[in-house]
Amino acid sequence: MSLQEKKEAFGKLLEVMDQLREQCPWDRQQTNESLRTQTIEETYELAEAIIKDSKEAIRKELGDLLLHIVFYSKIGEEKHAFTIKDVIDTLIEKLIYRHPHIFGNKAVKDAQEVEQNWERLKLKEKDGNRSVLAGVPNSLPAMVKANRIQEKTRGVGFDWEHREQVWDKVQEELSEVKAEIAHGSPDSIEDEFGDLLFSIINAARLYGVNPENALERTNQKFIKRFNYLEQKTIKQGVDLKDLSLDEMNKIWEEAKKL
């Protein structure tokens, strides 16, 4: 597909949005606030499609998210705040500024150095984040936020010299959890569990594993195996609650082999 065809398709989308905003009662009454939760839902649906590696679902969910971007931009235009052109121009300007190794004369040796330059440039921007961690949204899920915090601090050099060193920290935090379980209060136990989880997320990052994706894969794997366990007992006419743990484990091992 040519660049011109892509431009025409995007232009048609803007025309459709204009028409919906003028003529559709539902679209007319939408606001930034009313769209917010739907945008979050669409983002999670895209994330699920990516986990499943469904190209058709990814295409569909990207379209849904694109609709929201166009919708917010249309509302911004109506309020005389910004237009879709402003949104795109700002993005282009940011991409060019933060990629001096492509659009300037900055030399980089690898992707990690690109990330480090990216974080340093963000701190220098006129309206950018003056703190390294200021750009991490407070509303992010805790695991995603922890991973993002660690990525950002790595960008300014706050990281282990050798990734193997992180395992000493994991073991240290695990020992502290066990100590608090033996003698501590519920609040201190929770605190130490948080430190342990943070260190494990850090270990995953250091070994190139996205902890959110890894945990979701395990969630899906567990669901499939438990569904097998459940369906197997239904076919046998047995109530799952009446099975012993050993009997459940036997069926569970069957599920693992599938």
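To be clear, the structure that these remarks concern was listed above.
Trainee: How would you explain a negative patch on the surface if you had to name every residue and give the values?
Mentor: A contiguous patch of negative charge on the surface is contributed by D187, E190, D191 and D195. Here D187 shows up in helix 10 (residues 186-206). Owing to a relative accessible area of 59%, D187 belongs among the exposed residues under this scheme.

Trainee: Would you mind going over the pattern of salt bridges in detail, with residue names and values included?
Mentor: Applying the stated rule across the entire model yields 13 salt bridges. In this structure, K85 engages D89 in a salt bridge whose closest nitrogen and oxygen atoms are separated by 2.6 Å. You can see K85 and its partner D89 sitting in helix 5 (residues 84-97), four residues apart, about one turn around the helix. For K85, a relative accessible area of 55% puts it in the exposed group. Overall, D89 belongs to the partly exposed group, its relative accessible area being 33%. E172 serves as the salt-bridge partner of K169, at 3.5 Å between the closest nitrogen and oxygen. In this pair, K169 and E172 are both assigned in helix 9 (residues 166-183), three residues apart and thus about one turn of the helix distant. Judged by relative accessible area, K169 falls into the partly exposed class, the value being 29%. By relative accessible area, E172 is classed as partly exposed at 37%. Overlapping salt bridges bring together K60, E61 and D64 as one network.

Trainee: Before we move on, could you go through the nonpolar core and cite the residues and values that matter?
Mentor: Among the nonpolar cores identified, the biggest contains six residues, and these are V166, V170, V177, L196, A203 and L206. Secondary structure elements with two or more residues in this core: helix 9 and helix 10. Other than its neighbours up to four places away in sequence, L206 contacts D159, W160, R163 and V166.

Conventions used here
- Per chain, residues are indexed from 1 in the order of the written sequence.
- Only residues with pLDDT of 70 or above have their local features reported here, since the model is predicted, and side-chain atom pairs are shown and tallied only from 80 upward, although totals for entire chains, interfaces and linings are computed over all residues.
- Water and hydrogen atoms play no part in the side-chain values, which are based on all heavy atoms of the structure.
- For patch building, the residue pool is restricted to those with more than 30% relative accessible area and no salt bridge; the joining distance is 9 Å between like charges and 5 Å between nonpolar side chains (Val, Leu, Ile, Met, Phe, Trp, Tyr).
- Each accessible area is a Shrake-Rupley estimate made with a 1.4 Å probe; only the visible protein chains count as cover when residues are assessed.
- Between Lys or Arg on one side and Asp or Glu on the other, a salt bridge is scored when a side-chain nitrogen of the former is within 4 Å of a carboxyl oxygen of the latter.
- Counting rule for charge: Lys and Arg are taken as positive, Asp and Glu as negative, and neither His nor the chain ends is counted.
- Taken as the charge centre is NZ of Lys, CZ of Arg, CG of Asp or CD of Glu, depending on the residue.
- Helical segments are the DSSP runs of H or I of at least four residues, strand segments are the runs of E of at least two, and each set is numbered from the N terminus.
- Relative accessible area decides the class of each residue, using a 1.4 Å probe on protein chains only: under 20% of the type maximum gives buried, over 50% gives exposed, and in between gives partly exposed.
- Among buried residues, those of type Ala, Val, Leu, Ile, Met, Phe, Trp, Tyr and Cys that are joined through side-chain atoms within 4.5 Å constitute a nonpolar core.
- Contacts are assigned to residue pairs that have any heavy atoms within 4.5 Å of one another.

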